[in-house]
Every structure is written in structure tokens, then in C-alpha cells.
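# Structural description and commentary
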Amino acid sequence: MTDERNITCIVCPIGCKILVKTDGAQFEIVGGNKCKRGIEYARSEALDPRRMLTTSILVNDGEWPLVSVKSSKPVPEEKLFSVLKEVGGTAVKAPVKSGQTIIKNAANTGIDIVATKTVLTKEVD
Ligand code: SF4
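About the thresholds
Residues numbered from 1 in each chain as written. Predicted model: local features only at pLDDT ≥ 70, side-chain atom pairs only at ≥ 80, totals over all residues. Pairing = 2+ DSSP bridges. Helix = DSSP H or I, 4+ residues; strand = E, 2+ residues; numbered from the N terminus. Axes fitted to C-alpha atoms, helices over the stretch in contact; angles between N-to-C directions. Contact = placed C-beta atoms within 7 Å. Near = placed C-beta within 6 Å. Nonpolar A, V, L, I, M, F, W, Y, C, P; charged D, E, K, R; others polar. Domains from an automatic or database assignment.

As paired strands, strand β5 (residues 54-60) and strand β6 (residues 66-71) are joined by 5 bridges and run antiparallel to one another. Residue pairing across strands places L58 opposite L66, the latter belonging to β6. From the end of β5 to the start of β6, which pair antiparallel, there are 5 residues, and D61 there has a positive phi angle of about 65°.

Right, let's get into the sheet that holds strand β1 (residues 3-8). Spatially, the 3 strands line up as an open sheet ordered β1-β2-β3, and their pairing is antiparallel. Of all the strands in the sheet, the pair left with one neighbour each is β1 and β3 (27-31). In this sheet, neighbouring strand axes are inclined to one another by 35° on average, regardless of whether the strands run parallel or antiparallel. Relative to β3, strand β2 (residues 17-22) is paired through 4 bridges, and the arrangement is antiparallel. When the bridges of β3 are listed, L19 appears paired with G31. Of the strands in this sheet, β1, β2 and β3 touch helix α1 (residues 37-47), which is tilted by about 50° from β2.

The next thing to look at is the site of the ligand. Around the ligand sit C9, V11, C12, I14, G15, C16, N33, K34, C35, R37 and G38, and those are all the residues in its vicinity. The residue makeup of the shell around the ligand, split by class, is 6 nonpolar, 3 polar and 2 charged.

Assigned domains within the protein: domain 1 (3-48) and domain 2 (54-115). Centre-to-centre separation of domain 1 and domain 2, based on C-alpha positions: 30 Å.

This part takes up the environment of W64. Along the chain, W64 turns up in the loop between β5 and β6. C-alpha of W64 to C-alpha of I103: the two residues are 39 residues apart in sequence and 19 Å apart in space. Residues within four places of W64 in sequence aside, it is in contact with V59 and V119.

In spatial order, the strands read β8-β5-β6-β10-β9; together these 5 strands make up an open sheet with mixed pairing. Two strands close off the open sheet at either side, each with one partner strand: β8 (91-93) and β9 (101-103). Strand after strand, the sheet turns through a mean of 45° between neighbouring axes, direction not considered. With 3 bridges joining them, β5 and β8 adopt parallel strand pairing. By the bridge assignment for β8, N60 is matched with K93. In the packing of helix α2 (residues 80-88) onto the sheet, the strands contacted are β5, β9 and β10 (113-115), and the crossing angle to β5 comes to about 20°.

The structure is reproduced here in C-alpha cells:
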């Protein structure tokens, strides 16, 4: 079944509303893009939507109970739930360094989950 929908291009601040026709496998631009860069963006949104994942992971013995993390690459939308489930079941021991890989190959996506902050070990009085 062919579907028509608007995709807002986020490649530049103009934010063109690109009208596409897609059946999930094929895709056609109906119009709305002011330049060619929007075509690739609309194609990937229509056929293979992906999102950067930002969330946090539990830290044991840290100065903070959580560390913020992000995916190393945009995650395919259909894998977001599996990746979030793995993230939710993970705890890491302090110290954690910004840039440290916390989960390698999350949910078999080939995408890592990486710390975006440093959390030092909690000082004991
Ligand atoms: S289609 Fe081109 S002009 Fe329009 S938002 Fe995308 S990059 Fe910008």
C-alpha cells in the first residue's frame, strides 16, 4: 500500500516539508524540498528511520547514581526498544570516563552505548 506523508527535513534550518510517497520499500519525492540534500534525508526517513539514543545508566559506587550515555550512531527505529531494554538492565561501576564504551554492540546492532559524562568514585568519609 502506498502512503503519502510529509517529512520535515532537518539537514538545514529552513526545515522544508518534503512530501513523499512510499510503500516501505520504494520511495518517491512528490515535492517540497528546496535542494537535493533533502532527497537523501527523506529517503532514509521514509525507508530506514534512525534516531540517536540519549539516556542514562545506573552507576554503582559513583559520586552520582547515573551517568548520561548516547548511542555511537543513530539506532534503527525498530531496534530502539531492544537497545533501551539492554540499557535499562545495565549498571556500571564507578569511575566512568566520558567517552568510555559502556555497552558494546547493544542489542546486536553493531552500535555502542558510550558515556557522555565522567562520574568519579564516591568518596567515603
Ligand atoms: S531540503 Fe535542502 S533547503 Fe530544505 S531543509 Fe533540507 S537541506 Fe535545507
